[in-house]
Amino acid sequence: MTGAIPTIVLVGNPNAGKSSLFNALTGARQKIANYPGVTVERKAGHASFADGRPAALIDLPGSYSLTPASPDEAVTRDVVLGRQAGERRPDALVVVVDAANLDNHLCFALELIALGLPTVIALNMVDLAERDGLTLDAERLAAELGVPVVPTVAVRKRGLTELLAAIDGAILSHQTQADAIPAPPPTDVALHQRARAIARVATLAETPVRRWTQRVDAVVLHPVAGFLILLALMFVMFQAVYAWSEAPIGWIEDGIAALQGVATDALPDGFLRGLIVEGLLAGVGAVVVFLPQILILFLFILLLEASGYMTRAAFLMDGLMAKVGLSGRGFIPLLSSFACAVPGIMATRAIPDPKDRLTTILIAPLMTCSARLPVYTLIIGVFIPNRAVGGLPVGLQGLVLFGLYVAGIVGALIVAFVLRRSVTKGSAAGFMMEMPRYQWPRLRDVAISLWQRAWIFLRRAGTIIAFTTVVLWLLLSFPKAPADSELRQVDYSVAGRIASGLETVVRPIGFNHDIALALIPAMAAREIAVSALATANAIDAGDDEDQVAMSLGERLQGRWSLATALAFLAWFVFAPQCISTIAITRRETNGWKWPLFMVGYLFALAYAAAGITYWTAVAFGLG
Amino acid sequence: MIAKLDSAPLGMAVRIARIDWDILSHDEGRRLREFGLMEGVEVKPLHRGSLFSREPLALGIGRMQVIIRGRQAAAIAVEPVETEPAAAA
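Looking up chain B in an unreviewed UniProt entry gives the name Ferrous iron transport protein A, with the organism given as Sphingopyxis panaciterrulae.

If you look chain A up in an unreviewed UniProt entry, it shows as Ferrous iron transport protein B from Sphingopyxis panaciterrulae.

Below you can see the structure in the form of structure tokens.
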């Protein structure tokens, strides 16, 4: 040992539990879920051996071999072979294999062992293998493979001490030996035959594959019933976003109103009070109230990801995706984009075909992300009556929200269809994917992920949204309109004048001065549209007691026609108003060409969709 | 009797007799082999398609399930398994 901290790399097949093991060893909280391709980039962390010596741990995307098929798998090859820029060869490999799928996972393990680096096998998920009626002989497996094998259950932190000790031992014994000459990699077929032979001798007892998962799949993957279940799941998700959030939203609203009251009483009338009450609290508060809805949405997505249903959904959607030139593989990043397009676009790295991947990136912003929820729910809450539809236990508001999601999906499919026949033309994308076994979502993991999402949302509210809101408040408050001015303060101010300029462009599609004002700061993030409306509203209300008592919703109802409100919703189905999405698209496509294309086509679509909605609504007398 | 995997009945184990590697792309062929789909291996077609299409195909192979499209399945010739069908999975 040269005294340097050893670098240990976790590597193995997709969905073997590498990230779970990484989290268990380092205390990190990397995303884990039950589908192949969750981890798409290299992640580093720190672990320590029993005696306290540190080790650098690297988690890698899953791969089937050292020959990559997609961008994420290329990272795995480069790190393992020491080709990654700025990184030396790893000091040890921990090959994570799924104990219940040795036949397959041992192939990559054999290829990795042949590299001649100090190697330890983590025989992971031994509990699930036992559940499935498999009894394995770890010692026999170690003898056959010629490297230590440690049974682990990463999510229950079982086998970690033994694993670290084995890694330590492997590194030490490797140094005392003369450098082993790596064996030439055998052919695929020979590898598989050896893997199967080794799996056979290491398996002491085996019962047939468990029947219950097959029974579940018989329904869930049924060509008709399975698709209806998928639709029903999504429908329930959007109903729940409304039905379950009412009470907690009320608590948050009361809390913010109380804070505003405290601030109003404590501060003298003036600049600071205006800034805090009208700017910060009104603006940020208008966004924070949507936390419960966003968490409900995330809860559903997390459960779908953790259970193994995501790949089933991809299977069901593949037929439809194929018709527009994409693959079922792309459905997973798109469904993730319901939460946020940024991780969704990152997740496309697991798509092998470059044109398929690019198209999926370009349509990801059409998936209704959680930042649109505040906009949608505010407008729906104000303009769509809260009643059941036709005596069914289905709320009209939830139905409209569902419709907006569907509009995004249908829009995305049409755009993909057009793109695949024009700018991203190429051979038909394939779809080859492993289907994971079902697993019960673990409460702790779900809770941690929800907490992380809540924190991200609140941090956004406290930073970018608070900052934009304060800037907007300043621009709305100055210069002060003279007492005899015919213009309202929000129209007279700097921001108001800029908005009046924009208004001439958006007036044909039914947008008013309020909307023009909200659209500009909302370029940073969509939910700022809501905080901007709230801030402008608070300034407009000024000190008029009756006006202040009115909620943002009540005021909008008086100032906007239904046609305008619907056009505003249609705009947000398409408009690419999110700096982070544009930035991640630039990074993932290595240049400005595609993000600019994306922003251009989405704004054009948004304008057209809002216009068509407005003119249609006006024709029906809703103007 | 040899049939193509894309038309094999669901729920019945079959043995891969031959794979026409030439009509598959290099990457497709490799991924099939990485899934363990190669001559002599037993597979069981489990699910096929949805409302929209007769694709993709979910296959049981050993203890794992994989999804492939009809194009790849069409390159795979299969024959019935002579032994007890219940023994295969």
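Okay, back to it.
(A) The arrangement of the overall build of chain A in detail. Counting secondary structure elements, chain A contains 28 helices and nine strands. For 623 residues, the compact-globule estimate of 2.2 N^0.38 gives 25 Å, and chain A sits close to it at 28 Å. Looking at chain A residue by residue over its 623 residues, the buried ones come to 57%. Contacts in chain A between residues at least 24 apart in sequence constitute 73% of all its contacts with a sequence separation of at least 6. Total accessible area on chain A is roughly 25400 Å²; 64% of this is exposed by carbon and sulfur atoms. For chain A, the centre of its 49 positive side-chain charges and the centre of its 48 negative side-chain charges are spaced 7 Å apart.

(B) Inspection of the state of the cysteines at higher detail. Taken as a whole, this structure holds zero disulfides over all chains when the rule is applied. Here Cys578 of chain A is not cross-linked by a disulfide; its sulfur's nearest cysteine counterpart is in Cys340 of chain A, at 6.4 Å.

(C) Structural detail: helix H10 (residues 246-266) of chain A. All names here are of chain A. Compared with an ideal rise of 1.5 Å per residue, which puts 21 residues at 30 Å, H10 spans 30 Å between its outermost C-alpha atoms and is within 8% of the ideal. Listed as buried for H10 are Pro248, Ile249, Ile256 and Ala263. Projection of H10 onto a plane perpendicular to its axis shows the buried side chains occupying an angular sector of 105 degrees, all on one side. Among the exposed residues of H10, those oriented more than 90 degrees off its buried face are Glu246, Trp251, Asp254, Val262 and Asp265. Packed against the buried residues of H10 are helix H11 (271-288) and helix H12 (291-307).

(D) Expanded view of the UniProt feature "domain: FeoB-type G" (unreviewed entry) in chain A. UniProt's entry tags residues 5-173 of chain A with the feature "domain: FeoB-type G" (unreviewed entry), counted in the numbering of this structure. Annotation note: span residues 5-173 of chain A, helix share 35%, strand share 22%, distance between end C-alpha atoms 17 Å.

(E) Region of the structure containing the interface of chain B and chain A. Contact with chain B, which involves 31 residues of that partner, is made by 43 residues of chain A. Of all residues in chain B, Phe52, Arg63 and Arg69 of chain B give up the largest surface area on contact with chain A, accounting jointly for 26% of the area buried on that side. For the pair chain B and chain A, the interface holds two salt bridges. Here Arg31 of chain B and Glu73 of chain A are joined by a salt bridge, their closest N and O atoms 3.0 Å apart. Across the chain B-chain A interface, the total number found is 13 residue pairs in polar contact (both at pLDDT 80 or more). Those elements that place two or more of their residues in the side of chain B that touches chain A are helix H1 (26-34), strand E3 (42-50), strand E4 (53-61) and strand E5 (64-68) of chain B. Counting residues per element, the side of chain B that touches chain A draws most heavily on H1 of chain B, at six residues. For the side of chain B that touches chain A, a count of residues per class yields 14 nonpolar, eight polar and nine charged. Relative to E5 of chain B, strand E9 (residues 433-435) of chain A runs antiparallel, the two sharing three bridges.

(F) Geometry of the packing of helix H16 (residues 354-363) of chain A against helix H18 (residues 396-420) of chain A. Residues and elements named next belong to chain A. The interhelical angle for the contact between H16 and H18, taken along N-to-C directions, is 140 degrees, at an axis separation of 10 Å. Between H16 and H18, the interaxial angle falls into the category oblique. In this structure, H16 meets H18 at a crossing whose hand is right-handed. Taking contact as the criterion, the partners of Lys355, Asp356, Thr359, Leu362 and Ile363 in H16 are, on H18, Ala412, Val415, Ala416, Leu419 and Arg420. In terms of residue class, the contact of H16 with H18 is built from six nonpolar, one polar and three charged.

(G) Representation of the packing of helix H3 (residues 102-113) of chain A against helix H7 (residues 188-202) of chain A within the structure. Residues and elements named next belong to chain A. It is at 8 Å that the axes of H3 and H7 come closest, and there the two elements cross at 120 degrees. One way to sum up the angle between H3 and H7 is to call them oblique. Crossing angle aside, the handedness with which H3 passes H7 is right-handed. Across the interface between the two elements, Leu102, Asp103, Asn104, Leu106, Cys107, Leu110 and Glu111 of H3 pack against Leu191, His192, Arg194, Ala195, Arg196, Ile198 and Ala199 of H7. Residue classes in the contact of H3 with H7 are distributed as eight nonpolar, two polar and four charged.

(H) Geometry of the side chain of Arg357 of chain A. Residues and elements named next belong to chain A. Mapping Arg357 onto the fold places it in helix H16. Look at Arg357 and you get buried, because its relative accessible area is 12%. Polar side-chain contacts of Arg357 include one of 3.2 Å to the backbone oxygen of Thr348.

(I) Fine view of the packing of aromatic side chains. Residues and elements named next belong to chain A. Overall, the coordinates contain 15 aromatic pairs over all chains when judged by the stated rule. Measuring from ring centre to ring centre gives 5.1 Å for Phe568 and Phe572, while their planes differ by 80 degrees; the resulting arrangement is edge-to-face. Of the two residues, Phe568 and Phe572 are both situated in helix H26 (residues 562-574); the distance of four residues between them amounts to about one turn of the helix. Judged by centre distance (5.8 Å) and plane angle (40 degrees), the rings of Trp571 and Phe603 are tilted. Remark: Phe603 occurs in helix H28 (residues 593-619) and Trp571 occurs in helix H26; sequence separation between them is 32 residues. Looking at Trp571, the relative accessible area reads 6%, which means it is buried. On the accessibility criterion, Phe603 (23% relative accessible area) is partly exposed. In this structure an aromatic cluster arises from ring pairing among Phe383, Phe511, Trp560, Phe568, Trp571, Phe572 and Phe603.

(J) Examining the UniProt feature "domain: Ferrous iron transporter FeoA-like" (unreviewed entry) in chain B more closely. Those residues carrying the UniProt feature "domain: Ferrous iron transporter FeoA-like" (unreviewed entry) are residues 3-80 of chain B in this numbering. Its end C-alpha atoms 9 Å apart, residues 3-80 of chain B is made of 17% helix and 46% strand.

(K) How the structure looks around the pairing of strand E4 (residues 92-98) of chain A. Residue and element names in this part refer to chain A. Most of E4 sits out of view: seven of its seven residues are buried. The alternating pattern of E4 places Ala92, Val94, Val96 and Asp98 on one face and Leu93, Val95 and Val97 on the opposite face, and all of these are buried. Looking at chain direction, strand E1 (residues 7-12) and E4 are connected through five bridges and run parallel. Residue pairing in the sheet places Val11 in a bridge with Val95 of E4. In the sheet, E4 pairs with strand E5 (residues 119-124) via six bridges, with the strands oriented parallel. Looking across to E5, one finds that Leu93 is bridged to Thr119. Running through H3, the crossover from E4 to the neighbouring parallel element E5 is right-handed.

Conventions we followed
Residues numbered from 1 in each chain as written. Chains lettered and ligands numbered in written order. Predicted model: local features only at pLDDT ≥ 70, side-chain atom pairs only at ≥ 80, totals over all residues. Heavy atoms only, no water. Helix = DSSP H or I, 4+ residues; strand = E, 2+ residues; numbered from the N terminus. Rg over C-alpha atoms; globule rule 2.2 N^0.38 Å. Buried < 20%, exposed > 50% of the residue type's maximum accessible area, 1.4 Å probe, protein only. Contact = heavy atoms within 4.5 Å. Areas by Shrake-Rupley, 256 points an atom, 1.4 Å probe, with all protein chains shown as cover. Lys, Arg positive; Asp, Glu negative; His and termini not counted. Charge placed at Lys NZ, Arg CZ, Asp CG, Glu CD. Disulfide = S-S within 2.5 Å. Expected span 1.5 Å × (residues − 1). Arc of directions from axis to C-beta. UniProt positions renumbered as here; feature names shortened; annotations may be inferred. Buried area = accessible area lost by both parts, 1.4 Å probe. Salt bridge = Lys/Arg side-chain N within 4 Å of Asp/Glu carboxyl O. Polar contact = N/O pair within 3.5 Å; in protein donor to acceptor, adjacent residues only side chain to side chain. Nonpolar A, V, L, I, M, F, W, Y, C, P; charged D, E, K, R; others polar. Pairing = 2+ DSSP bridges. Axes fitted to C-alpha atoms, helices over the stretch in contact; angles between N-to-C directions. Parallel < 35°, antiparallel > 145°, perpendicular 65-115°, else oblique. Left-handed = near helix turned anticlockwise from the far one by under 90°. Phe/Tyr/Trp six-rings, centres within 6.5 Å; stacked < 30°, edge-to-face > 60°. Right-handed = clockwise from strand over helix to strand, strands pointing away.

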